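Spelled out, the chains give:
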Amino acid sequence: MALLNFKRKEARPAGADNADLAAFLQGYSIEVMPRTAAKIDDLREHLAPGTRVYIAHIEGTPIEEMVATAARVKAEGFDVMPHFPARIIRDKATLADWIARYQGEADVRQALLLAGGVAKPHGEFHSAMQLMETGLFGDFERLHVAGHPEGNRDIDPDGSMTNVDEALRWKQRFSETTEAKMALATQFAFDAGPIIAWANGLKAAGIDLPIHIGIAGPAKLQTLIKFAIACGVGPSLKVLQKRAMDVSKLLVPYEPTDVLSALAAHKAANPDFNIEQVHFFPLGGIKSNATWATENGGGAPAAQ
């Protein structure tokens, strides 16, 4: 199976037809940052009504910018899910203030809780589990937590999945005590086979949180390599580096057709497969990602 598709237009893999892919893309979500969202005059021109829009909180971004972006996205008719990165939140009072601002100014009732890609915590929190233990998310309707199909060396420096898996077991137990709907939102990956094996392994281990699989949207290969290095995507980085040896492929945008078609075919053949939705990282831009999703059946924009 080809790991990446570098052709601008290509036939779907034999295992998945257009209907499978379109069905798999229904209800997809997408991630933005305040600065990337600001480049789009009106998200309704690109995203289907009700699309869940995650707002990534990068270290150094003022909470005021995060809240203003959330309010704008909400006003345009989309579900808003801001990140709460534990390691940049100094204390419980700061967390309570952030929640109050989000709820007061943007009626936010969904959140992605994660450790955050910061080596040294700014305060008393270092994990998503500690955020959950505060009890401050009690009236949220939906809480998502991070998933790592390829592991995470910040959590498991030895390259194993030991600590990642133990954290997932803790989150599974937490999901059984909260009224909020929970799901795993994962880091992006490029090969369907390992993704399927990882998802099936979780289910076999009794972790039945729905998975919203992270997928990199259309982008130049150089851009993907840069983000893969920054995000610690190990196996996928090796695939990208191998592809980069072919100079001709450096000039042709990557599209996620192959990996999503393979996952869609597996979902169609196994309806109880625990990947529930697709979550896009628009590494090549929000517009190009949204256009690709629409062209492949992911739902038409609100404004046309």
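Our subject in this report is the structure included herewith. (Residues numbered from 1 in each chain as written. Predicted model: local features only at pLDDT ≥ 70, side-chain atom pairs only at ≥ 80, totals over all residues. Heavy atoms only, no water.)

1. Re the environment of A119
Note that A119 resides in the loop between β4 (110–114) and α5 (128–133). Residue classification places A119 among the exposed residues on the basis of a relative accessible area of 80%. For the pair A119 and R87, spaced 32 residues apart in sequence, the C-alpha to C-alpha distance is 8.2 Å. (Helix = DSSP H or I, 4+ residues; strand = E, 2+ residues; numbered from the N terminus. Buried < 20%, exposed > 50% of the residue type's maximum accessible area, 1.4 Å probe, protein only.)

2. Let's talk about helix α10 (residues 257–269)
Its 13 residues place the ends of α10 18 Å apart at the C-alpha level, agreeing with the 18 Å of an ideal helix rising 1.5 Å per residue. Buried within α10 are the following residues: T257, D258, V259, L260, S261, A262, L263, A264 and A265. (Expected span 1.5 Å × (residues − 1).)

3. Topic: the pairing of strand β6 (residues 181–188)
Burial analysis of β6 places six of its eight residues in the buried class, the great majority of the element. By the bridge criterion, six bridges tie strand β5 (residues 142–147) to β6 in an arrangement that is parallel. Bridged to R142 within β6 is K181. Here three bridges tie β6 to strand β7 (residues 211–216), and the two strands are oriented parallel to one another. When the bridges of β7 are listed, L184 appears paired with I211. Crossover β6 to β7 through helix α7 (residues 192–204) is right-handed. (Pairing = 2+ DSSP bridges. Right-handed = clockwise from strand over helix to strand, strands pointing away.)

4. Brief notes about the nonpolar core
In this structure, F84, F137, L260 and F280 are the most contacted members of the largest nonpolar core, which totals 79 residues. Sort the elements by how many residues they give to this core and α7 lands first, with six residues. Counting residues in hydrophobic clusters, the runner-up holds six residues, among them Y54, M81, L112 and A185. (Core = buried A, V, L, I, M, F, W, Y, C linked by side-chain atoms within 4.5 Å.)

5. With respect to the packing of aromatic side chains
Under the criterion given, the structure shown has ten aromatic pairs. Ring centres of F137 and F140 lie 5.1 Å apart, and the angle between their planes is 70 degrees; this geometry places the pair in the edge-to-face category. Its relative accessible area of 3% is what places F140 among the buried residues. Note on F280 and W292: the rings are 6.1 Å apart at their centroids and 75 degrees apart in plane angle, and the pair reads as edge-to-face. In this pair, F280 is assigned in strand β8 (residues 275–281) and W292 in helix α11 (residues 286–295), connecting sequence segments twelve residues apart. Using a relative accessible area of 4% as the deciding quantity, one classes W292 as buried. Cluster of aromatic residues (ring-pair linked, three or more members): F84, W98, Y102, F137 and F140. (Phe/Tyr/Trp six-rings, centres within 6.5 Å; stacked < 30°, edge-to-face > 60°.)

6. Section: the environment of D20
You can see D20 is positioned in helix α1 (residues 18–25). Each C-alpha atom of the pair D20 and S261 lies 7.5 Å from the other, and the pair is 241 residues apart in sequence.

7. Brief notes about the sheet that holds β5
On the basis of which strands lie adjacent, the closed barrel formed by eight strands has the order β1-β2-β3-β4-β5-β6-β7-β8 and parallel pairing. Taken over all neighbouring pairs, the strand axes of this sheet differ in orientation by 30 degrees on average, direction set aside. Strand direction decides the pairing type here: strand β1 (residues 29–32) and β8, joined by two bridges, are parallel. Residue pairing for β8: I30 is matched across the bridge by F280. Lying on the sheet, helix α3 (residues 63–75) is in contact with β2 (52–55) and β3 (79–85); it crosses β2 at an angle near 170 degrees. Taken strand by strand, α11 contacts β1 and β8, and its axis lies near 145 degrees from that of β8. (Axes fitted to C-alpha atoms, helices over the stretch in contact; angles between N-to-C directions. Contact = heavy atoms within 4.5 Å.)

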